[in-house]
Amino acid sequence: GEIVTLIGANGAGKTTTMHAISGLLKLQSGEIDYCGQTISKMEAHKIIRLGLAQVPEGRRVFSGLTVQQNLQMGAYTRRDGKEAIQNDFDMVFDLLPRLKERRNQPAGTLSGGEQQMLAMGRALMCKPKMLLLDEPSMGLSPLMTQQVFDVLLALKKQGMTILLVEQNAYEALTISDRAYIMETGNITLEGRS
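Because the structure is a prediction, the values reported are computed rather than measured.

> Which parts of the structure should I look at to understand the overall build of the protein?
Helix and strand counts for the protein stand at eight helices and eight strands. In terms of C-alpha radius of gyration, the protein reaches 16 Å, essentially the compact-globule figure of 16 Å for 193 residues. When the backbone C-alpha atoms are referred to their principal axes, the protein occupies close to 45 × 35 × 30 Å. For the protein, the residues scored as buried account for 48% of the 193 residues in total. Pairs at least 24 residues apart make up 69% of the contacts formed inside the protein by residues separated by at least 6 positions. When the accessible surface of the protein is split by element, carbon and sulfur atoms take 52% of a total near 9900 Å². Placing the 21 positive and 20 negative side-chain charges of the protein at their respective mean positions leaves the two points 6 Å apart.

> Is there a simple way to think about the pattern of salt bridges in this case?
Proximity of charged atoms lets side chains of opposite charge pair with each other. Per the stated rule, a full pass over the model turns up 10 salt bridges. The salt bridge partner of Asp-177 is Lys-156, with a shortest N-O separation of 2.9 Å. With a gap of 21 residues between them, Asp-177 in the loop between helix H8 (169-175) and strand E7 (178-183) and Lys-156 in helix H7 (residues 142-157) connect regions that are remote in the sequence. Each of Arg-78, Asp-80, Asp-88 and Lys-127 takes part in one network of salt bridges that share partners.

> Mind showing me how you'd approach the side chain of Ser-40 here?
Summarising the element assignment, Ser-40 is placed in the loop between strand E3 (37-38) and helix H2 (44-49). Dropping the residues within four chain positions of it, Ser-40 is found in contact with Leu-27, Gly-30, Glu-31 and Ile-32.

> Please explain the pairing of E7 as it appears in this structure.
Each regular strand shows side chains that alternate between the opposite faces of the sheet. The pairing of strand E1 (residues 3-7) with E7 spans four bridges and is parallel. Its bridge partner being in E7, Val-4 is matched across the sheet by Arg-178. Bridge analysis of E7 against strand E8 (residues 186-192) gives six bridges, and the strand direction is antiparallel. Across the sheet, the residue bridging to Tyr-180 is Glu-190, located in E8. In sequence, E7 turns back onto E8 through a hairpin of two residues, with Thr-184 there showing a positive phi of about 40 degrees.

> I'm lost on the side chain of Ser-22 in this one. Help?
When you line up the elements, Ser-22 lands in helix H1 (residues 14-22). When residues no more than four places from it in sequence are discounted, the contact partners of Ser-22 are Ala-44, Ile-47, Gln-54 and Leu-132.

> Can you walk me through the pairing of strand E4 (residues 52-55) in this structure?
Judged by which residues are buried, E4 turns out to be covered on both faces: Leu-52 and Gln-54 on one side and Ala-53 and Val-55 on the other are all buried. In terms of strand pairing, E4 meets strand E5 (residues 130-134) through four bridges, oriented parallel. Counterpart to Val-55 in the pairing with E5 is Leu-133.

> What is the right way to look at the state of the cysteines in this model?
Formally, a disulfide is one covalent bond, and it connects the sulfur atom of one cysteine to the sulfur atom of another. Under the counting rule described, the total for this entry stands at zero disulfides. Not part of a disulfide, Cys-35 finds its nearest cysteine sulfur in Cys-126, a span of 15 Å.

> Just checking my understanding: could you explain the packing of helix H6 (residues 112-124) against H7 for this structure?
How two helices sit against one another is set out by the angle between their axes and by the gap between those axes. In contact at an axis separation of 9 Å, H6 and H7 are set at 15 degrees when each is read in the N-to-C sense. One element, H6, and the other, H7, form an angle in the roughly parallel class. When the axes of H6 and H7 are compared, the crossing they make is right-handed. Contacts from Gly-113, Glu-114, Gln-116, Met-117, Met-120 and Leu-124 of H6 reach H7 at Met-144, Gln-147, Val-148, Val-151, Leu-152 and Leu-155. Looking at the contact of H6 with H7 residue by residue, the classes come out as eight nonpolar, three polar and one charged.

Thresholds, definitions, all that
- Residues numbered from 1 in each chain as written.
- Predicted model: local features only at pLDDT ≥ 70, side-chain atom pairs only at ≥ 80, totals over all residues.
- Heavy atoms only, no water.
- Helix = DSSP H or I, 4+ residues; strand = E, 2+ residues; numbered from the N terminus.
- Rg over C-alpha atoms; globule rule 2.2 N^0.38 Å.
- Buried < 20%, exposed > 50% of the residue type's maximum accessible area, 1.4 Å probe, protein only.
- Contact = heavy atoms within 4.5 Å.
- Areas by Shrake-Rupley, 256 points an atom, 1.4 Å probe, with all protein chains shown as cover.
- Lys, Arg positive; Asp, Glu negative; His and termini not counted.
- Charge placed at Lys NZ, Arg CZ, Asp CG, Glu CD.
- Salt bridge = Lys/Arg side-chain N within 4 Å of Asp/Glu carboxyl O.
- Pairing = 2+ DSSP bridges.
- Disulfide = S-S within 2.5 Å.
- Axes fitted to C-alpha atoms, helices over the stretch in contact; angles between N-to-C directions.
- Parallel < 35°, antiparallel > 145°, perpendicular 65-115°, else oblique.
- Left-handed = near helix turned anticlockwise from the far one by under 90°.
- Nonpolar A, V, L, I, M, F, W, Y, C, P; charged D, E, K, R; others polar.

Encoded structure:
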């Protein structure tokens, strides 16, 4: 139920850490435990089913698909029925009303901020217990950045656990509970935000 931020300079290892947690990179040593289960050697799609979803750096929406179809892709691994998935569509549209307005629009025609919201909505359609966000404010206007952080705070109020990688240290520390500073692959400082 916390927002934990991981901050550091470019090349510090923040994105690599996120990819390792998500199962996109194999570990050279050590292990990653999530909810009492070792996930280090698990395939990414199985990690998603455990309730871990990542919003990648650079958004990476499916530009040729509509907003609605992108959100459907987020629910791809779910097996809890159409009604539960529809309830989550409604939740995403309530949380991100701009997406509802643009549900039939190709994702590639959205603004950068709208694409970021879509990437977040797509991750939420996985029904995660923990959301990993990699540089969600990158390339966004100050107004859109504030909207993204407002959504993160709303998710926290709903009990979502969030790991936030963010270069905008001031904003990240403002909304997070705890913070870790990373330098060249090592945590050099940690504490309350």
